[in-house]
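# Coordinates in review
One-letter residues, chain by chain:
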Amino acid sequence: LRLLLDAARRYEEGLGDRREAIAQLVLALEVRPGVADVIRKLDELYTSEKMWPELLANLREQAAAAAEDSTARRALQKRIAALLAGELDDPAQA
């Protein structure tokens, strides 16, 4: 896991290759699902790369993980609704 996280950081910061950084982080989640720091970093990268469907899945995963934190869950649900109504142009789902 640590090697994948280091590779992701180097791709993003050293080489400016966010897409490859994303690929490394996705692999990291396959090795160890549910790592909050990795999920949040993917949120950041998906947003910066405008990868809206991937961001939607990520936000839904974060909202499910925040089941016991109603404030965080509500904030994530608002982001999901805004994403659906805006970038994904699916207001019916929002």
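See the structure above.
Read on for an overview of the structure.

## Considering the overall build of the protein
Secondary structure assignment for the protein yields five helices and zero strands. Listing the helices and strands of the protein from first to last along the sequence gives α-α-α-α-α. Projecting the C-alpha coordinates of the protein onto the three principal axes gives extents of approximately 40 × 30 × 20 Å. Looking at the protein as a whole, 31% of its 94 residues qualify as buried. Partitioning the contacts of the protein with sequence separation of at least 6, the portion at a separation of at least 24 is 36%. Roughly 5,900 Å² of accessible area belongs to the protein as shown, and the carbon and sulfur atoms make up 51% of that amount.

## A short note on the pattern of salt bridges
Applying the stated criterion to the full structure yields seven salt bridges. E49 serves as the salt-bridge partner of R18, at 3.7 Å between the closest nitrogen and oxygen. Residue R18 is found in helix α2 (residues 18–31), and its partner E49 is found in the loop between α3 (36–48) and α4 (52–65); the two are separated by 31 residues along the sequence. Of the residues examined, R18 reaches a relative accessible area of 36% and is grouped as partly exposed. When its relative accessible area of 22% is taken as the criterion, E49 is described as partly exposed. Linking K41 and E44 is a salt bridge whose minimum nitrogen-to-oxygen distance equals 2.9 Å. Of this pair, K41 and E44 both sit in helix α3, three residues apart, roughly one helical turn. On the basis of relative accessibility, which here comes to 44%, the residue E44 falls in the partly exposed class. In the salt-bridge network here, residues are joined through shared partners; they are E12, K41 and E44.

## What about the nonpolar core?
Note on soluble globular proteins: their nonpolar side chains tend to be buried together. L25 and L42 are the most contacted members of the largest nonpolar core, which has 24 residues in total. Residue assignment for this core shows that the elements contributing at least two residues are α1 (2–14), α2, α3, α4 and α5 (70–85). Not counting residues within four places of it along the chain, the set of residues in contact with L25 comprises L5, A8, V38, K41, L42 and L45.

## Considerations on the packing of α3 against α4
The interhelical angle for the contact between α3 and α4, taken along N-to-C directions, is 150°, at an axis separation of 9 Å. Here α3 lies roughly antiparallel to α4, going by the angle between them. Here α3 runs over α4; the crossing is left-handed. On α4, the residues that touch I39, R40, L42, D43, Y46 and T47 of α3 are W52, E54, L55, N58, L59, E61 and Q62.

## A few points about the layout of surface pockets
Estimated volume of the largest pocket: approximately 200 Å³. For the largest pocket, the lining is made up of 14 residues, of which L5, R9, L25, D37 and K41 are closest to its centre. Taken together, the elements giving at least two residues each to the lining of the largest pocket come down to α1, α2 and α3. Looking at which element gives the most residues to the lining of the largest pocket, the answer is α1, with seven residues. Its residues placed into classes, the lining of the largest pocket shows seven nonpolar, no polar and seven charged.

Each value, and the rule that gives it
- Residues numbered from 1 in each chain as written.
- Predicted model: local features only at pLDDT ≥ 70, side-chain atom pairs only at ≥ 80, totals over all residues.
- Heavy atoms only, no water.
- Helix = DSSP H or I, 4+ residues; strand = E, 2+ residues; numbered from the N terminus.
- Buried < 20%, exposed > 50% of the residue type's maximum accessible area, 1.4 Å probe, protein only.
- Contact = heavy atoms within 4.5 Å.
- Areas by Shrake-Rupley, 256 points an atom, 1.4 Å probe, with all protein chains shown as cover.
- Salt bridge = Lys/Arg side-chain N within 4 Å of Asp/Glu carboxyl O.
- Core = buried A, V, L, I, M, F, W, Y, C linked by side-chain atoms within 4.5 Å.
- Axes fitted to C-alpha atoms, helices over the stretch in contact; angles between N-to-C directions.
- Parallel < 35°, antiparallel > 145°, perpendicular 65-115°, else oblique.
- Left-handed = near helix turned anticlockwise from the far one by under 90°.
- 1 Å grid on protein atoms, 1.4 Å probe; cavity = no way out; pocket = protein on both sides within 12 Å on 5 of 7 lines; lining within 4 Å.
- Points joined across faces, edges and corners; volume = space filled by probe spheres on them.
- Nonpolar A, V, L, I, M, F, W, Y, C, P; charged D, E, K, R; others polar.

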